[in-house]
Amino acid sequence: MKEKRGNIFQIFTRGDIFSKLSFVIFGCSNVVRGQMIKGLIYLCLEIGYIVFMVQSGVHNLAEMVTLGTQQQGMVFNDAIGIYEMSQGDNSMLILLRGVVTLVVTMAFILLWVSSIRSGETARQLKLNNKHAPGFLDDLRGLLNENIHSLFLSVPVIGIVVFTIIPLIYMILMAFTNYDAEHQPPGNLFTWVGLTNFKTLISSTDKLGATFWPILGWTLLWGFVACFSCYFGGMFLAILINSKGIKFKKVWRTIFIMTMAIPAFVSLLVVSTMLGKSGIINVLLQQWGFTSGPLPFLTNGTWAKATVIIVNLWIGVPATMLMVSGILMNIPGELYESAQIDGAGPIVTFVKITFPYMLFITTPYLITNLISNFNNFGVIYFLTGGAPSTLDYYKGAGKTDLLVTWLYKLTKDSKDYNLAATIGIVIFLISAVFSLIMYSRSGALKNEEGFQ
Amino acid sequence: MKEKTILGINLKQRKIAFIAALVMLISTFLPFAGVRGDTKMLWAVAFAVLGSGEAGFLGSLYLAAAICIVISAACGAFLFAKPSIKGVRVWIVIQAVETVFATMLLFASKGVFDRIGIFTGKFMAKDFGIGFWLLLIASYVTLHAAMKTIKVHPGYIVLVILSVIWLFPILWIILTAFRAESGYYVGYFFPKGLTLDNFKNLFTNDAVIPFGRWWLNTFIIAIFTCILNTIIILMTSYVLSRTRFRSRVTLMKIMMIIGMFPGFMSMVAVYNILKGIGMAQTLVSLIIVSAAGAAMGYYICKGFFDTIPKSMDEAAIIDGATRWQIFTRITIPLSKPIIIYTILTSFIGPWGDYIFPSMVLGDKQNSYTVALGLKWLTDFQRIDSYYTQFAAGSLLVSVPIVILFICLQRFYVEGLSGSVKG
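### A word on the overall build of chain B
When you go through chain B residue by residue, the secondary structure sums to 19 helices and 4 strands. Whereas a compact globule of 422 residues would reach a radius of gyration of roughly 22 Å, chain B reaches 31 Å, over 25% beyond that. By its C-alpha atoms, chain B is 85 × 60 × 35 Å across when sized along the principal axes. Counting all 422 residues of chain B, 53% fall into the buried class. Once local pairs closer than 6 in sequence are excluded, the contacts in chain B between residues at least 24 apart make up 71%.

What follows is the structure, encoded as structure tokens:
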């Protein structure tokens, strides 16, 4: 009978001396049961980790507690009697090295668990008088039952190195004072706890006076942009798909063109068109509609309205394309019977099309809402957050969303701690809406439903 | 439908169309426009404009519109006496032309009036009189009702107006790309002269705008990103969709949570890591970082794989196929739409990607991608000298992508809807 493998505590109590030993010396159990190469690989990795920790890892972690104590500056050298530039500690590198060490340690723990499990499997196979698979068998298994290890190794390493490590690093930064005044290598920064969060939400500070209006505009923008495009796209799709309209493909292509053009091109073009001496203002004056240029992008309220309208220009075709497919799936009998009952186009829409559509597209709608909260492109290329105002903290503008503010804080004013704090706030907003979506959508919960 | 219908003609709509046409006719005798009490009706304006001799194309609009109105009203009267479907069709065409003319008057009037000077003082849109507004509204009502009379979908009117709005910026950028006069500020829509120099300059003026270089950089990145990302996305989605292993759900949850952080929050850290391994300001780093994050976009592809019946895999396993063989011989051949969709999106991505390249490449202009280069051209110091080149560059980037996109639209929709045809 095959024993259940159990958790690592059960493995420890159940195993023989070699299994117990493999808790300390990796791969010991494997080597004893004939899996020579596998066991040695485990052992090598363990030795490698220990060497790394002794050489620099422990030091890295210890430094992380203070983030450096030796500030760069001039130090008097008694031996030669002059002031010398002393290198000092670089808090940023210390933090980065610390994070890397932490991630390596996490990987090491996973390796530990994996080696114990692997040793236990080998022991059980031996117990049942079966041949433990050799190294070549393992390699062959990579193409079959263990294909996930083969296929996921590259993506997982990529995500860990270029997403998880940077992310942990930035999250930690939200709890430091790494702002414009504390730039390494010249200055040190240190841990400050929750101070950043407190100043951000306090109503008295200038930061709070920037944060709350921007948060409000981000939420407003998200909802208005999302729903205006949703209804606009639905209207357009219904119009193009209605019975009497010919050349459906031509109409669809006209609108899709704006979607196919890279967003930065169309946004830059529109932004130059809307400038003070851009073509729109020129034409409006030529047509005699206005006597002077309109402040499309330079007045706070105007700019907000402008970005929403321009976003329609870009967003409506995308919704149209998606909704078109769904529209064709609505059973035709529903419409026929509605027509017999004397329902007009508006009643048909309110009672049939819209409920059906809403039912199917709720997940899309919420994903779209979240991506609109984070709609960097439209704001950045169109207004760049302008018009900026003195009421706001360093260069933030009236149309800035949280994301574009975050970008400005990192790129322009180098207040990395605030940027990280805002990043966490954005994460919280996204998380809340995602949770709503997941709790409401059956399709996502039941992934086996289709198979 | 309660209204009577004879021979496919809706009598109630015909009546509305006829009355609206009469209103149009009457409105030509009402004050069309006036500046400071000096008001004229449409006929007077039309003859004044023509009489001045320098009317040009736009000036003849007034008389053309007036004549169309008369013909349209006559058509309405004739069809009221003797209804025929063919007649209504002709009427719709005439009325459509008239509506276009009337709409153009709204935009052209100031230019024409100010040039000829039929009013003392500058003309503004608010100086249009009751006659004009009535004419404009009645034109659309007539057209709408006439279309409904023989059940032509009136949605065409909306579609045409929306198409004009949607194509306006695109038309502007095309015209600017071919414009002979340089400069950002020009006081007119249609260029005075056409030229190909803007395109030529992009490739010859290498010292200032190494556009050919930028284009090539982006193309190289796009090709590599496309290959690597597609492979990674397909592998990840296949494993997450078709196999079951411990920590599969955990992995998906972790990726979902990571996805909720704004992507470029960690940009600074990525830049530092790249600097640490000596790859900052290189194109390779863009490809590597893009490929490293590719797996996060597995959702759509996994959704497609989920719709391939599981029984196929099971049958193959019974026949002794390994997972690798199932992946290459069954899953891949069945997934043409989603593979093309993935290739397409990952190829298009780098062309529009701005934020990360701008962070990594900094001021190293030779390594710029087109997005960075074109944004750099619209900088306020350069926009005036290079606006037409910017337009030409935008066109060179957009046209291939638009063509690609439109050709592969089918796969775009199919890829999103799954392998099982309903």
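### Re the interface of chain B and chain A
With 96 residues of chain B at the interface, the matching set in chain A holds 93 residues. When the buried area of chain B at its contact with chain A is split by residue, B:Trp166, B:Met260 and B:Met265 rank highest and sum to 9% of it. Where chain B meets chain A, there are 0 salt bridges. The tally of links from chain B across to chain A stands at 7 residue pairs in polar contact (both at pLDDT 80 or more). Sorting elements by how many residues they give to the side of chain B that touches chain A places helix H6 (residues 155–177) of chain B first, with 15 residues. Tallied by class, residues from the side of chain B that touches chain A come to 68 nonpolar, 18 polar and 10 charged.

### With respect to a nonpolar patch on the surface
Residues and elements named next belong to chain A. A surface patch of nonpolar side chains, amounting to about 710 Å² of accessible area, comprises Met 36, Ile 37, Leu 40, Ile 41, Leu 45, Phe 135, Leu 136 and Leu 139. Counting only elements with at least two residues in the nonpolar patch, the list comes to helix H4 (36–66) and helix H6 (135–141). Per element, the largest residue contribution to the nonpolar patch is 5 residues, and it comes from H4. By secondary structure assignment, the location of Leu 45 is in helix H4. Among the residues examined, Leu 45 registers a relative accessible area of 44% and is labelled partly exposed.

### With respect to the packing of aromatic side chains
According to the stated counting rule, one finds 57 aromatic pairs over all chains in the structure shown. Centre to centre, the rings of B:Phe211 and B:Trp214 are 6.3 Å apart; their planes meet at 70 degrees, and the pair counts as edge-to-face. Taken together, the residues span about one helical turn, with B:Phe211 and B:Trp214 both in helix H8 (residues 211–242) at a distance of 3 residues. The pair B:Phe211 / B:Trp214 is uniform in exposure class, with both members buried. Of the aromatic side chains, those joined through ring pairs into one cluster are A:Phe264, A:Phe376, A:Tyr380, A:Phe381, A:Tyr407 and B:Tyr354.

### A few points about the domain arrangement of chain A
Residue and element names in this part refer to chain A. As far as domains go, chain A holds domain 1 (8–193) and domain 2 (202–445). Computed over C-alpha atoms only, the centres of domain 1 and domain 2 are separated by 43 Å. The interface of domain 1 with domain 2 comprises 10 residues on the first partner and 9 residues on the second. Contact between domain 1 and domain 2 buries roughly 740 Å² in total, counting both sides, with carbon and sulfur atoms accounting for 64%. When residues of domain 1 are sorted by the area they lose upon contact with domain 2, Met 170, Ala 174 and Tyr 178 head the list and together hold 45% of the total. Applying the counting rule to domain 1 against domain 2 returns 0 salt bridges. Counting across the domain 1 and domain 2 interface gives 4 residue pairs in polar contact (both at pLDDT 80 or more). Taken together, the residues of the side of domain 1 that touches domain 2 sort by class into 6 nonpolar, 3 polar and 1 charged.

### Remarks on the pattern of salt bridges
Residues and elements named next belong to chain B. All chains considered together, the criterion is met by 11 salt bridges over all chains. Between Asp 313 and Arg 242 there is a salt bridge; the shortest N-O distance is 3.2 Å. Within this pair, whereas Asp 313 is found in helix H13 (residues 310–318), its partner Arg 242 is found in helix H8, the two being separated by 71 residues in sequence. For Asp 313, a relative accessible area of 3% translates into the label buried.

### So, the confidence of the model for chain B
Residues of chain B with pLDDT of at least 70 account for 95%, and the chain-wide mean is 84. Considering each helix and strand of chain B separately, the mean pLDDT is smallest for strand E1 (residues 5–6) of chain B, with a value of 59, and largest for H8(B), with 92.

### Looking at unusual backbone geometry
Residue and element names in this part refer to chain A. We note that Phe 247 has phi near 55 degrees; this positive angle belongs to a residue other than glycine. On the secondary structure map, Phe 247 appears in the loop between helix H9 (206–241) and helix H10 (248–260). You can call Phe 247 exposed: its relative accessible area is 59%. The backbone of Lys 414 shows a phi angle near 55 degrees, a positive value even though the residue is not glycine.

Reading the values: the criteria
- Residues numbered from 1 in each chain as written.
- Chains lettered and ligands numbered in written order.
- Predicted model: local features only at pLDDT ≥ 70, side-chain atom pairs only at ≥ 80, totals over all residues.
- Heavy atoms only, no water.
- Helix = DSSP H or I, 4+ residues; strand = E, 2+ residues; numbered from the N terminus.
- Rg over C-alpha atoms; globule rule 2.2 N^0.38 Å.
- Buried < 20%, exposed > 50% of the residue type's maximum accessible area, 1.4 Å probe, protein only.
- Contact = heavy atoms within 4.5 Å.
- Buried area = accessible area lost by both parts, 1.4 Å probe.
- Salt bridge = Lys/Arg side-chain N within 4 Å of Asp/Glu carboxyl O.
- Polar contact = N/O pair within 3.5 Å; in protein donor to acceptor, adjacent residues only side chain to side chain.
- Nonpolar A, V, L, I, M, F, W, Y, C, P; charged D, E, K, R; others polar.
- Patch = residues over 30% accessible without salt bridge, like charges linked within 9 Å, V, L, I, M, F, W, Y side chains within 5 Å.
- Areas by Shrake-Rupley, 256 points an atom, 1.4 Å probe, with all protein chains shown as cover.
- Phe/Tyr/Trp six-rings, centres within 6.5 Å; stacked < 30°, edge-to-face > 60°.
- Domains from an automatic or database assignment.
- pLDDT = per-residue confidence, 0-100.

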